[in-house]
Amino acid sequence: MDSTIMHYNLNIKSIFWRIEKLYKDKEIISRTHEGIVRYTYSDFALRVRKLASLLKANSIAGETVASIAWNTHRHLELYFAVPLLGGVLHTVNIRFHESEMDYVVKAIGDRAVFMDKDITYRNSTLPTFVFDERYDDDINSQEPTRNFPDVDERQGAIACFTSGTTGKPKGVVYSHRSIFIHSLSLLAADVLGISSSDTVMPIVPMFHISAWDLPFASLMTGAKLVLPGPRPKAEDIVKLIKEFKVTVGAGAPTVWIDVVNYVERENLDLPLKVVVTGGAEPPLGLIKKLKELGVKTYHAWGMTETEAIATVNKSDNIERISEQGYPIPAFEVTLMDPEGNELPWDGKSTSELVTRGAFVAKRYLNDKSDTQIRWFRTGDVARINPDGSVKVVDRLKDLIKSGGEWISSVDLENAIMTYEKVLEAVVVGVKDEKWGERPIALVVKKPGRDVSEHEIIEYLKSLNKFPKWWLPDKIIFVDSIPKTSTGKLDKKLVRDQLRSIIESSK
Ligand code: AMP
């Protein structure tokens, strides 16, 4: 490279420099199995340096290692110590079955496993570090590592596998550079606008897409960070928000549905400023309720392959907040048909959303093909408004094709969930001899409320939003709806269950 051209590695070391030099007294609060741990950025940085020495002492510095852990300070220390030494932290989904854990650990070639003490996964061939008092003592007894290498920004830092609801999980590696740029992009005023005066609580798990990079972004800007620990329930979340004056909370819509219901039931307030929600479209009823509670919703869209949040909608217009919003800096979108032709951004043309940018995966782990992906095909079907705001209609595979026309399962679900007696709903297509597929809804009633199939259909008609042939053929009431390991409605499982119910009733 021409030595007169400036070059500076956008790496984790650069974020770590800010943590140590600029925000010494800022706090990190962590809910653990043993209770609340509260320490400063300075204490955190020292622990990272000591943990790095522990990695070296165990000959795993610069290697790929697995973490199977909740959102705690111990997990956060690994987020830094491992990549600072040039290694990759592979965050394993806690909700994976043990055989899936084994599959991903082998697929990436992990050299050690770090895990919370309630995790049952055992791997007899790899050194295993369990987060307990002895682990803390082992770290504390180390001399802090003085110098970290200036790792090339294109090297991997964190790895994560997709949730694998359609086949084997696929691995994606995030580079130092992609984490740095994505974190900066999140901090922009028109994106999340997080600053050093915020207190951020990522409820979204650190084992999936690095909790949307919020821990990196928060520490980069000196925000107070609250990590909600093992299996946080609505009650724990509300307690942490109140006790530590959280300003920004981030999690999937299902988390916020639980929180809002809990707050309503217990007649409490919710002193948050902002809820960042993504991973699935938030029901309108949820956003309205949050607004009533004085909380602003930022609606974000993203996926494992785009390093989580990639578009955001902060509209004050409640009618437009179901849009997934505008691409954030260093990320581009467009619509593409199956032949690769781009479609206009007219708010009407509907096709697959394709993306590219600084934090979009080039290829999956162990994919040996050299095809450079120019546009990454998301598998989401969308429209784009002339102003650039994206509206995701459905997953390609979840759209229902009835009589040759498409029905959006997401639109129906969200409409059903606006009914006051409904807690949750999922709509899937089932085979139909005449129409090809027809929609069927599974509905969970709000606790203590009774509602009939007829009532819901009449409600949908009264919205004047759907043609008659969109209305579900059947509504089945259930106690709960199966969720994927990342908290989304598991439509594949719902379809399988419905298929076996239908077969057995023949
Ligand atoms: P994952 O890689 O497991 O995070 O799943 C990514 C998928 O979740 C996307 O391709 C979308 O289908 C869906 N998704 C994420 N965020 C949203 C959102 N805000 N609205 C609708 N669907 C979403």
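Keep in mind that what you see is a predicted model, and the values were worked out from it rather than measured. Numbers given to residues run from 1 along each chain, matching the order in which its sequence is written. For a predicted model such as this one, the threshold for reporting local features is a pLDDT of at least 70, and the threshold for listing and counting side-chain atom pairs is 80 or more; totals across whole chains, interfaces and linings nevertheless cover every residue. Only hydrogens and water are removed before side-chain values are computed, so all heavy atoms of the structure are retained for them.

Visitor: What's the story with the packing of helix H1 (residues 12-22) against helix H8 (residues 214-221) in this structure? I'm lost.
Guide: When two helices pack together, their arrangement is given by the angle between the helix axes and the distance between those axes. Viewed as axis vectors pointing N to C, H1 and H8 meet at an angle of 45 degrees, and their least axial separation amounts to 8 Å. The orientation of H1 relative to H8 falls into the category oblique. For the pair H1 and H8, the sense of crossing is left-handed. Residues Ile-12, Ile-15, Arg-18 and Ile-19 of H1 pack against Phe-216, Leu-219 and Met-220 of H8. Just so you know the grouping, Ala, Val, Leu, Ile, Met, Phe, Trp, Tyr, Cys and Pro go in nonpolar, Asp, Glu, Lys and Arg go in charged, and all remaining residues, Gly too, go in polar. Residue composition of the contact of H1 with H8, by class: 6 nonpolar, no polar and 1 charged. The axes are straight lines fitted to the C-alpha atoms, using for helices just the contacting stretch, and the angles between their N-to-C directions are given from 0 to 180°. Numbered from the N terminus, helices here are DSSP runs of H or I no shorter than four residues, and strands are runs of E no shorter than two. Note on terminology: angles under 35 degrees are roughly parallel, angles over 145 are roughly antiparallel, angles of 65 to 115 are roughly perpendicular, and the others are oblique. Crossings are classed by handedness, with left-handed meaning an anticlockwise turn of the near helix from the far one by less than a right angle and right-handed meaning a clockwise turn. Should any heavy atoms of two residues lie within 4.5 Å, those residues are considered in contact.

Visitor: Would you mind going over the UniProt feature "domain: AMP-binding enzyme C-terminal" (unreviewed entry) in the protein chain with me for this structure?
Guide: The UniProt record marks residues 412-488 with the feature "domain: AMP-binding enzyme C-terminal" (unreviewed entry), using the residue numbering of this structure. Helix makes up 21% of residues 412-488 and strand 32%, and the two end C-alpha atoms of the span are 16 Å apart. UniProt positions are given in the numbering used here, feature names are shortened, and annotations may be inferred rather than shown by experiment.

Visitor: Explanation requested: the pattern of salt bridges in the structure shown.
Guide: Between Lys or Arg on one side and Asp or Glu on the other, a salt bridge is scored when a side-chain nitrogen of the former is within 4 Å of a carboxyl oxygen of the latter. The final tally for this structure, using the stated rule, is 33 salt bridges. A salt bridge links Arg-38 to Glu-27; its shortest N-O distance comes to 2.7 Å. Separated by 11 residues along the polypeptide, Arg-38 in strand E2 (residues 35-40) and Glu-27 in strand E1 (residues 27-32) bring together distant segments of the chain. Each residue is placed in one exposure class: buried if its accessible area under a 1.4 Å probe, protein chains only, is under 20% of its type's maximum, exposed if it is over 50%, and partly exposed if it falls in between. Arg-38 sits in the partly exposed class, given a relative accessible area of 48%. When the shortest N-O distance is used, the salt bridge between Lys-106 and Asp-102 registers 3.5 Å. With a gap of 4 residues between them, Lys-106 and Asp-102 both fall in helix H4 (residues 98-108), about one helical turn apart.

Visitor: Would you take a moment to explain the sheet that holds strand E16 (residues 331-336) for this structure?
Guide: Where strands meet in a sheet, backbone hydrogen bonds hold them as pairs that are either parallel or antiparallel. With antiparallel pairing, 5 strands are arranged side by side in an open sheet as E17-E16-E18-E19-E20. If you trace the sheet from one side to the other, it starts and ends with strand E17 (342-343) and strand E20 (390-395), each paired once. By this definition, two strands are paired if DSSP reports at least two bridges between them.

Visitor: In this structure, what is going on with the nonpolar core? I would like to understand it.
Guide: Nonpolar side chains in soluble globular proteins tend to end up buried together. The criterion is simple. A nonpolar core is a set of buried Ala, Val, Leu, Ile, Met, Phe, Trp, Tyr and Cys residues joined through side-chain atoms within 4.5 Å. Counting residues in each nonpolar core, the largest one holds 87 residues, and the members touching the most others are Phe-80, Phe-114, Leu-192 and Val-276. It is helix H2 (residues 41-57) that contributes the most residues to this core, 8 residues altogether. Among residues more than four places away in sequence, those in contact with Phe-80 are Ile-12, Ile-15, Phe-16, Ile-19, Phe-44, Val-48, Phe-216 and Leu-219. Listed in part, the 23 residues of the second largest apolar core include Val-226, Val-260, Tyr-262 and Val-275.

Visitor: Quick question: what am I supposed to make of the site of the ligand here?
Guide: We call a residue near a molecule or strand whenever a single non-hydrogen atom of that residue lies within 4 Å of it. Within the structure, the ligand sits among 16 residues, and Ala-300, Thr-304, Asp-380, Arg-395 and Lys-488 are positioned closest to it. The side chain of His-299 places a nitrogen or oxygen atom 2.8 Å from a nitrogen atom of the ligand. In the environment of the ligand, a nitrogen atom lies 2.9 Å from a nitrogen or oxygen atom belonging to the side chain of Gln-324. Note on areas: Shrake-Rupley with a 1.4 Å probe; residue coverage comes only from the protein chains shown. Coverage of the ligand by the protein amounts to 88% of the 500 Å² it exposes when considered alone. Residue contributions to the shell around the ligand peak at 5 residues, all from strand E13 (residues 296-303). Partitioning the shell around the ligand into residue classes produces 5 nonpolar, 7 polar and 4 charged. Any N or O atom pair separated by 3.5 Å or less is treated as a polar contact, with the protein-specific requirement of one donor-capable and one acceptor-capable atom, and with residues adjacent in sequence counted only for side-chain atom pairs.

Visitor: Looking at this model, I keep getting lost on H8. Mind explaining?
Guide: Residues separated by three or four positions in an α-helix point in the same direction, a consequence of the helix having 3.6 residues per turn. With 8 of its 8 residues buried, H8 lies for the most part within the structure. Residues of H8 that are buried include every one of Leu-214, Pro-215, Phe-216, Ala-217, Ser-218, Leu-219, Met-220 and Thr-221, and no others. Of the residues one or two after H8, Gly-222 is the one with positive phi, at around 80 degrees.

Visitor: Help me understand the environment of Val-255 in this model?
Guide: Mapped onto the secondary structure, Val-255 falls in helix H10 (residues 253-265). Sequence separation of Val-255 and Pro-232 is 23 residues, and the distance between their C-alpha atoms is 9.5 Å. Setting aside chain neighbours within four positions, we find Val-255 in contact with Ile-203 and Ile-237.

Visitor: Got a minute to help me understand the side chain of Ser-14 in this structure?
Guide: Mapped onto the fold, Ser-14 is located in helix H1. Within the structure, the side chain of Ser-14 is placed 2.7 Å from the side chain of Tyr-8, a separation counted as a polar contact. Setting aside its immediate chain neighbours within four residues, Ser-14 contacts Tyr-8, Asn-9 and Phe-180.

Visitor: When you look at the environment of Pro-83 in this model, what are you seeing that I'm missing?
Guide: Of note, Pro-83 is situated in helix H3 (residues 73-84). Judged by its relative accessible area of 0%, Pro-83 is buried. Here the alpha-carbon distance between Pro-83 and Ala-61, two residues 22 residues apart in the chain, equals 9.1 Å.

Visitor: When you look at the sheet that holds strand E5 (residues 113-115) in this model, what are you seeing that I'm missing?
Guide: With mixed pairing, the 6 strands of this open sheet are ordered in space as E6-E5-E3-E4-E7-E8. The open sheet has two edge strands with one neighbour each: strand E6 (128-130) and strand E8 (171-175). The mean angle between the axes of side-by-side strands here comes to 20 degrees, regardless of whether they run parallel or antiparallel. Across 4 bridges, strand E3 (residues 64-68) lies against strand E4 (residues 88-91) in parallel orientation. Residue pairing across strands places Ala-66 opposite His-90, the latter belonging to E4. Running at roughly 145 degrees to strand E7 (residues 156-161), H4 makes contact with E3, E4 and E7 of the sheet.

Visitor: Quick question: what am I supposed to make of the domain arrangement of the protein chain here?
Guide: The figure often quoted for interface size is the accessible area lost as the parts come together. According to the domain assignment, the protein chain contains domain 1 (12-393) and domain 2 (399-505). Buried area is calculated as the accessible area (1.4 Å probe) missing from two parts once they are joined, with the contributions of both summed. Between domain 1 and domain 2, a total of about 1400 Å² is buried, with carbon and sulfur atoms accounting for 59% of that surface. Between domain 1 and domain 2 we count 0 salt bridges in total. Remark: the boundary between domain 1 and domain 2 carries 3 residue pairs in polar contact (both at pLDDT 80 or more). Broken down by secondary-structure element, the contributors of at least two residues to the side of domain 1 that touches domain 2 are H10 and helix H11 (284-292). The greatest single-element share of the side of domain 1 that touches domain 2, amounting to 3 residues, is contributed by H10. Among the residues making up the side of domain 1 that touches domain 2, the classes are represented as 7 nonpolar, 8 polar and 2 charged. Bear in mind that the domain bounds are from an automatic or database domain assignment.

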